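# Analysis of the macromolecular model
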Amino acid sequence: MSDKIGTLTWISGPVVRARGSRKVGMLELVEVGEERLVGEVIGLKGDTFTVQVYEETAGMQPGAPVYGTGLPLSVELGPGLLQSIYDGVQRPLPLIEESMGSFISRGAHFDPINREKRWRYIPKVKVGDEVKGGTILGIAMETDTFEHKVMVHPDDSGTITWVPKTGEYTVTDPIAKIKTGKEEKELTMLQRWPVRQPRPFIQRLGVSIPLITGQRILDMFFPVAKGGAAGIPGPFGSGKTVTQHSIAKYADAEVIVYIGCGERGNEMTEVLQEFPHLVDPRNGRPLMERTVLIANTSNMPVAAREASIYTGITIAEYYRDMGYSVALMADSTSRWAEALREVSGRLEEMPAEEGYPAYLASRLAEFYERAGYVENLNETKGSVTIVGAVSPPGGDFSEPVTQHTKRFIRCFWALDNSLSSARHFPAINWLDSYSEYIDGVADWWQEKVGKDWLGMRNQSMELLSEESRLSQIVKLVGPDALPDAERMILETSRLLREGILQQNAMDEVDAYSTVEKQIRMLELVLHFHELGMKIIKRGAVISVIHDLPVVDTLIRMKNDVANDELNKFDDIEKQIDKQMSQLDAEYR
Amino acid sequence: MSDVTVGGGQEVLGVTRIDGPIMIVEGAANISYDEVVEIRDSKGRLRRGRVLEVGEEMAVVQIFSGSTGLSIDGTSVRFLGDTLHMPVSEEMLGRIFDGLGNPIDGGPEPLTDHYKDINGLPINPTARVYPRDYIQTGISSIDGLNTLLRGQKLPLFSGAGLPHDKLAAQIVRQATLGKPVGTQTDAEAEEFAIVFAAMGVKNDVADYFRRSFTESGALNRVAMFLNLADDPPVERIVTPRAALTLAEHLAYDLDKHVLVVLTDMTNYGESLREISNIRGEVPSRKGYPGYLYSDLSSLYERTGRIRTSKGSITQIPILTMPNDDITHPMPDLTGYITEGQIVLGRELFFAGIYPPVAVLPSLSRLMKDGIGKGHTRDDHPHWGAQLYAAYARTQDVRALASVIGEEELSEVDQKYLKFGRAFEREFINQGSDENRSIERTLEIGWKLLSIMPKNELTRVTLDEIAQYYQEEDAAN
């Protein structure tokens with residue numbers, strides 16, 4: 001399969017040049033040197049071609065051979081992806097550990113998907129059926145409960161001439177034969193797809209279902225729709241990774257693809273050690289069973305970091321094609337952009353802003369456009385939601401990666417250092433963040449909880465922005481100068497901030513809130529506000545409202561009321577009514 | 001890595017260009033990328049270098065000790081055929097080396113069969129053990145609010161003139177494996193070692209650390225790698241790598257708990273920038289190369305624990321932030337890689353507080369997994385969050401007080417002011433040889449929290465308040 005196509009002439013870190021072929025294609029996968037290090041052709045000039053190598057090149061010499069494969073950089077798709085942990089070019093890290101020990105040396109060649117493991121397979125087509133790209137041939141049980149839909153490769157179609165019985169098969173066993181024209185072809189559960197090419201679908205559909213994450217500030221204030229794209233920019237220490245982890249744990253997607261792109265090794269280890277023990281709140285299965293991890297930590301080869309994003313999104317699209325909702329976390333897209341910059345610098349390309357190549361924006365656009373809620377080739381509906389972390393240098397949102405990302409996402413969760421240093425987590429600034437999915441998902445909320453979510457949300461946002469204005473005045477003249485009605489706004493905003501927006505990802509009860517709990521909490525705070533305003537109008541002073549015992553209860557309800565104890569909220573409501581009516585009586 | 005000529009390798013004369021520490025050599029075949037070279041000047045003196053870029057019969061070489069005295073003619077270059085390796089052994093503890101790993105204490109070359117590539121290899125994330133054991137440093141602002149764990153990388157962000165060296169030396173002196181409050185500290189002599197790497201620091205600083213290690217009787221467990229301010233800047237690229245290569249051997253082959261102190265990373269970054277600029281690379285921010293993040297991570301990520309060894313590497317890099325600017329590329333990119341940061345603040349320093357740890361911008365990311373139940377004490381996480389929240393509020397109150405005056409503040413706000421002052425003087429402030437137990441740290445914290453009325457303490461549970469809150473007469 002791989003012939004020698006050239007010899008190396010120049011080496012500079014992950015970028016090498018070779019001479020000898022005019023036939024090698026752009027983005028073709030090549031193997032470099034006797035160790036056959038994997039690389040990808042990124043430039044052609046006459047018979048000289050430039051390759052980015054996905055492994056360390058130290059010790060390599062000009063004159064070493066380069067082998068062509070004739071294929072673009074691809075991933076293997078099939079049952080066995082879930083629960084896997086790969087590096088940026090889909091090499092299974094546990095196998096690398098088994099054969100090389102604790103450190104990753106180069107030249108590892110392993111099948112991404114286990115060839116020996118047998119999967120229980122149930123065919124869903126019969127002889128004589130016409131199938132086309134995307135048609136579901138059968139179901140492989142990827143975990144005890146997860147149905148992996150085995151599909152015809154998008155490029156294949158024909159008439160089924162043979163199907164096996166229900167049974168246990170490996171990914172390379174034939175599971176159907178199709179006839180196209182005169183040719184007969186065996187199909188297996190395993191297929192390949194080039195990572196830089198989006199998988200096809202029939203059409204995009206409008207997004208209207210929110211991705212519920214159990215995080216109150218996200219779900220109620222800045223929701224992302226299934227099939228949408230969100231960005232989390234923030235300086236270091238502001239909680240990007242914790243937020244990403246929380247979403248990976250609690251989002252109501254059926255499959256999670258988590259890409260650790262140029263981030264810390266210990267963080268990936270945390271996910272690896274924690275997820276198998278965490279239970280999915282919806283079906284009681286270990287979280288790892290719905291997760292694919294891609295870990296290309298910051299000290300692993302930089303070119304593979306560039307590829308990791310594409311490897312991840314292709315796997316996400318594959319599960320989307322089965323009709324599942326998939327959420328993809330990329331932590332962090334800035335490291336991916338830096339990998340682009342590093343390779344671009346070695347190619348001596350003309351830089352645009354801050355050394356980034358001019359094609360940064362178009363690459364970002366290509367990536368985020370692979371999110372979507374779509375009608376698949378097999379007419380099922382599936383979605384890929386992208387949540388990309390951005391790490392702006394110095395927390396400065398005007399830098400190129402943040403700015404370009406903002407153009408291609410519709411939901412922006414701005415992390416704020418001043419909140420995180422006050423240990424207000426998630427440190428998402430409610431005045432700088434936005435979501436363009438709010439109107440789209442309003443109907444879903446109405447149907448799901450039967451309450452006017454949009455109205456309550458907007459009222460709360462109004463209070464919070466009013467608070468921001470008032471606190472400017474307080475800073476100048478002190479709170480005593482404000483009339484009590486305005487101080488009531490400050491009091492309610494404090495309840496919103498401390499009682500609702502703050503959420504402790506480490507607390508057993510608080511880490512995840514169902515939508516029912518969320519909306520009830522918001523309702524109670526607004527109810528408190530309404531009654532408080534009435535009494536203030538009667539002449540009550542703010543300090544008596546501030547000192548009501550129920551204020552403390554409202555702040556603590558996030559920890560005190562578990563998701564399955566919603567009736568406790570009725571008690572809290574009664575307490576509000578009782579304590580307020582006592583005050584009311586005093587001022588009547 | 002001695003100056004003794006290593007036999008073998010091909011020797012060529014074709015130096016065509018010398019530009020600062022960078023040299024272009026032509027006419028050699030079969031050169032490997034990243035290979036070590038030995039350069040002989042016209043007087044026969046030797047120096048070392050490394051191949052940065054290689055083409056057909058052409059190589060770009062970086063000279064570690066600078067190019068002073070080299071000439072186009074008369075300089076010969078021997079390509080040694082391998083990447084930079086150094087000998088490592090347990091005997092290197094108690095010794096002092098230069099920035100390239102050659103002994104400078106008059107002792108012999110370390111005897112060993114172990115030669116390791118100084119660039120190391122990335123640890124496979126699946127092979128790591130997540131850090132969970134906390135290190136008790138005896139410093140309240142660290143143990144209580146920014147707990148350091150074994151296998152963590154936690155830098156000190158400082159500024160010129162601030163006592164970062166004093167603090168680092170105190171941490172090294174006092175660090176012991178933390179135990180939950182109430183359990184006996186058994187005197188199991190765990191194997192620990194310290195690897196100290198100085199990059200471009202003044203001789204006094206290196207001397208200060210050496211004295212401090214001697215005083216604490218730890219000198220025979222310390223290996224020092226010194227590239228001082230007047231040593232060649234390019235050598236600085238090698239210094240932390242040499243230190244970490246030894247640390248990895250001690251931790252992962254010999255099961256020791258190794259604390260690595262790297263100072264000053266800002267000088268390291270400047271060397272990197274210098275080389276990058278001479279090579280004409282496209283700069284990113286402030287002239288630093290685009291690969292600064294990847295380069296720094298190849299150092300910082302050599303921290304941690306692995307499953308096949310009992311040992312660990314904990315890193316404390318020290319950075320002086322130019323102009324105290326935390327958004328400068330060095331602290332900024334460091335903060336994105338390390339697991340938190342301890343920031344020293346000038347205002348506290350001027351107020352006479354030692355250690356001047358600016359609590360609000362400081363952070364330990366791993367602390368959540370090493371404190372609380374089974375690690376320190378159950379109330380620790382909430383206690384910490386409450387202290388943070390209260391101190392953050394204090395800052396707002398201070399801003400307000402500076403406008404309207406203290407007398408105009410509400411009663412609660414006045415209590416916050418009182419808390420803030422006490423927090424800085426009693427909690428953050430401590431003696432440079434005061435070694436506080438975690439229990440003592442928690443106790444001081446509760447005493448300070450008790451300055452405030454109970455209903456302000458919303459981050460701690462009611463049970464915790466019942467157990468630890470000190471009623472007014474007790475607190476005064």
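Position numbers for residues count from 1 along each chain, tracking the sequence in the order it is written. Note on labels: chains are lettered from A, ligands numbered from 1, in written order. Selection of residues for local features in this predicted model requires a pLDDT of at least 70, selection of side-chain atom pairs for listing and counting requires 80 or more, and totals for whole chains, interfaces and linings are taken over all residues. Hydrogens and water are ignored here; the side-chain numbers use all heavy atoms of the structure.

## Brief notes about the overall build of chain B
For helices the rule is a DSSP run of H or I covering at least 4 residues; for strands it is a run of E covering at least 2, with both sets numbered from the N terminus onward. Within chain B, the secondary structure is distributed over 13 helices and 22 strands. Whereas a compact globule of 476 residues would reach a radius of gyration of roughly 23 Å, chain B reaches 25 Å, a difference of no more than 12%. Considered along the principal axes of its C-alpha atoms, chain B spans approximately 85 × 50 × 40 Å. Contacts in chain B between residues at least 24 apart in sequence constitute 72% of all its contacts with a sequence separation of at least 6. We score Asp and Glu as negative and Lys and Arg as positive, and we do not count His or the chain ends. We put the charge of a Lys on NZ, of an Arg on CZ, of an Asp on CG and of a Glu on CD. Across chain B, the centroid of the 48 positively charged side chains sits 1 Å from that of the 68 negatively charged ones. For this measure, only C-alpha atoms enter the radius of gyration; the expected value for a globule follows 2.2 Å times N^0.38, where N is the number of residues. The criterion used for residue contact is that any of the two residues' heavy atoms lie within 4.5 Å.

## Some details on the domain arrangement of chain A
As assigned here, chain A comprises domain 1 (3-71), domain 2 (114-189), domain 3 (203-438) and domain 4 (451-587). Each of domain 2 of chain A and domain 4 of chain A has a C-alpha centre, and these two points are 57 Å apart. Domain extents, as shown, originate in an automatic or database domain assignment.

## Some points on the pattern of salt bridges
Residue and element names in this part refer to chain A. The salt bridge criterion pairs a side-chain nitrogen of Lys or Arg with a carboxyl oxygen of Asp or Glu, the two atoms within 4 Å. Taken as a whole and judged by the stated rule, the model has 77 salt bridges over all chains. Across the pair R264 and E263 runs a salt bridge, and its minimum N-O distance is 3.8 Å. Across the pair, E263 and R264 agree in class, each one buried. Where R556 meets D552, a salt bridge forms, and the shortest distance between an N and an O atom there is 3.3 Å. Burial classification: accessible surface area is computed with a 1.4 Å probe over protein chains only, and a residue below 20% of its type maximum counts as buried, one above 50% as exposed, and the rest as partly exposed.

## A closer look at the interface of chain A and chain B
Counting residues at the interface gives 77 residues for chain A, matched by 77 residues for chain B. Buried area is a sum: the accessible area each of two parts loses on coming together, probed at 1.4 Å, counted once for each and added. Carbon and sulfur atoms make up 53% of the area that chain A and chain B hide from each other, which totals about 6,200 Å². Of all residues in chain A, the largest losses of buried area upon contact with chain B belong to A:F236, A:N266 and A:R423, amounting jointly to 13% of the total for that side. One can count 3 salt bridges joining chain A with chain B. Put simply, A:E270 and B:K368 hold a salt bridge, and the shortest N to O gap is 2.8 Å. Counted as a polar contact is a pair of N or O atoms within 3.5 Å, where, for protein atoms, one must be capable of donating a hydrogen and the other of accepting one, and residues adjacent in sequence contribute only when both atoms are in side chains. Summed over the shared surface of chain A and chain B, the result is 41 residue pairs in polar contact (both at pLDDT 80 or more). If you list the elements that add at least two residues to the side of chain A that touches chain B, you get β1 (3-12), α1 (93-100), α4 (265-274), α5 (302-321), α6 (333-346), α11 (453-477) and α15 (549-560) of chain A. For the side of chain A that touches chain B, the element with the most residues is α4(A), which contributes 8 residues.

## Observations concerning the sheet that holds strand β11 (residues 136-141) of chain A
Residue and element names in this part refer to chain A. Two strands qualify as a pair provided DSSP detects at least 2 bridges between them. The 4 strands lie next to each other as β12-β11-β9-β14, forming an open sheet whose pairing is antiparallel. Edge strands, defined here as strands with exactly one partner in the open sheet, are β12 (147-151) and β14 (167-169). Within the sheet, the average angular offset between the axes of one strand and its neighbour, ignoring direction, is 40 degrees. The pairing of strand β9 (residues 119-123) with β14 spans 3 bridges and is classified as antiparallel. Within β14, the position partnered with W119 by the bridge is Y169. Convention adopted: a line fitted to C-alpha atoms gives each axis, helices being fitted over their contacting stretch, and angles between N-to-C directions are expressed from 0 to 180 degrees.

## Description of the packing of aromatic side chains
Here a pair means two rings of Phe, Tyr or Trp (six-membered ring of Trp) with centres within 6.5 Å. Their orientation is stacked below 30 degrees between planes, edge-to-face above 60, and tilted elsewhere. Throughout the structure, instances matching the rule amount to 26 aromatic pairs over all chains. Ring centres of A:Y310 and A:W336 lie 6.2 Å apart, and the angle between their planes is 65 degrees; this geometry places the pair in the edge-to-face category. In this pair, A:Y310 sits in helix α5 while A:W336 sits in helix α6, placing the two residues 26 residues apart along the sequence. Where B:W383 meets B:F427, the ring centres are 5.9 Å apart and the plane angle is 55 degrees; that geometry is what we call tilted. Of the two residues, B:W383 is situated in helix α9 (residues 380-404) and B:F427 in helix α10 (residues 411-428); the sequence distance between them amounts to 44 residues. With relative accessibility at 0%, the residue B:W383 sits in the buried group. Only lysine NZ and arginine CZ atoms are considered, and such an atom sits over a ring when it is within 6 Å of the ring centre and within 35 degrees of the ring normal. One cation-aromatic arrangement involves A:R335 over B:Y293; the distance from NZ or CZ to the ring centre is 3.8 Å. Over the ring of A:F222 we find A:R457, and its NZ or CZ is 5.6 Å from the ring centre.

## Details of the domain arrangement of chain B
When the parts of a complex come together, some accessible area is lost, and that lost area is often taken as the interface size. All names here are of chain B. Segmentation of chain B into domains returns domain 1 (2-83), domain 2 (87-369) and domain 3 (380-475). Of note, the centres of domain 1 and domain 2, computed from C-alpha atoms alone, are 31 Å apart. Taken together, the contact between domain 1 and domain 2 spans 16 residues of the former and 13 residues of the latter. In total, domain 1 and domain 2 occlude about 1,100 Å² of area from one another, counting both sides; carbon and sulfur atoms represent 61% of this. A salt bridge links R279 to E53; its shortest N-O distance comes to 2.8 Å. Of all the elements in the fold, those that place two or more residues in the side of domain 1 that touches domain 2 are β5 (46-55) and β6 (58-63).

## Section: the side chain of A:T243
With respect to the helices, strands and loops of the structure, A:T243 is situated in helix α3 (residues 240-250). Setting aside residues up to four positions removed in sequence, A:T243 forms contacts with A:L218, A:I232 and A:P426.

## Looking at the sheet that holds strand β13 (residues 158-162) of chain A
Residue and element names in this part refer to chain A. Taken in spatial order, the 4 strands line up as β10-β13-β15-β16 in an open sheet, and their pairing is antiparallel. A strand with exactly one partner marks an edge of an open sheet, and here the two such strands are β10 (130-131) and β16 (183-188). Pairing of β10 with β13, which is carried by 2 bridges, proceeds in the antiparallel orientation. Residue pairing for β13: E130 is matched across the bridge by T159.

## Some thoughts on the packing of helix α10 (residues 438-449) of chain A against helix α13 (residues 515-537) of chain A
Residue and element names in this part refer to chain A. Where α10 contacts α13, the axes come no closer than 11 Å and their chain directions differ by 95 degrees. As far as their axial angle goes, α13 and α10 are roughly perpendicular. For the pair α10 and α13, the contacting residues are W444, W445, K448 and V449 in the first and V515, E516, Q518 and I519 in the second. When residue character is reported, Ala, Val, Leu, Ile, Met, Phe, Trp, Tyr, Cys and Pro are called nonpolar, Asp, Glu, Lys and Arg charged, and the others, Gly included, polar. Partitioning the contact of α10 with α13 into residue classes produces 5 nonpolar, 1 polar and 2 charged. These descriptions rest on fixed angle ranges, namely under 35 degrees for roughly parallel, over 145 for roughly antiparallel, 65 to 115 for roughly perpendicular, and the rest for oblique.

## Concerning unusual backbone geometry
In the segment running from A:D331 into A:S332, the intervening peptide bond is cis, with an omega of 10 degrees. Relative to the helices and strands, A:S332 is located in the loop between β22 (325-331) and α6. Note that the residue after B:T263, namely B:D264, is joined by a cis bond; omega there is 5 degrees. Secondary-structure assignment places B:D264 in the loop between β18 (257-263) and α5 (265-278).

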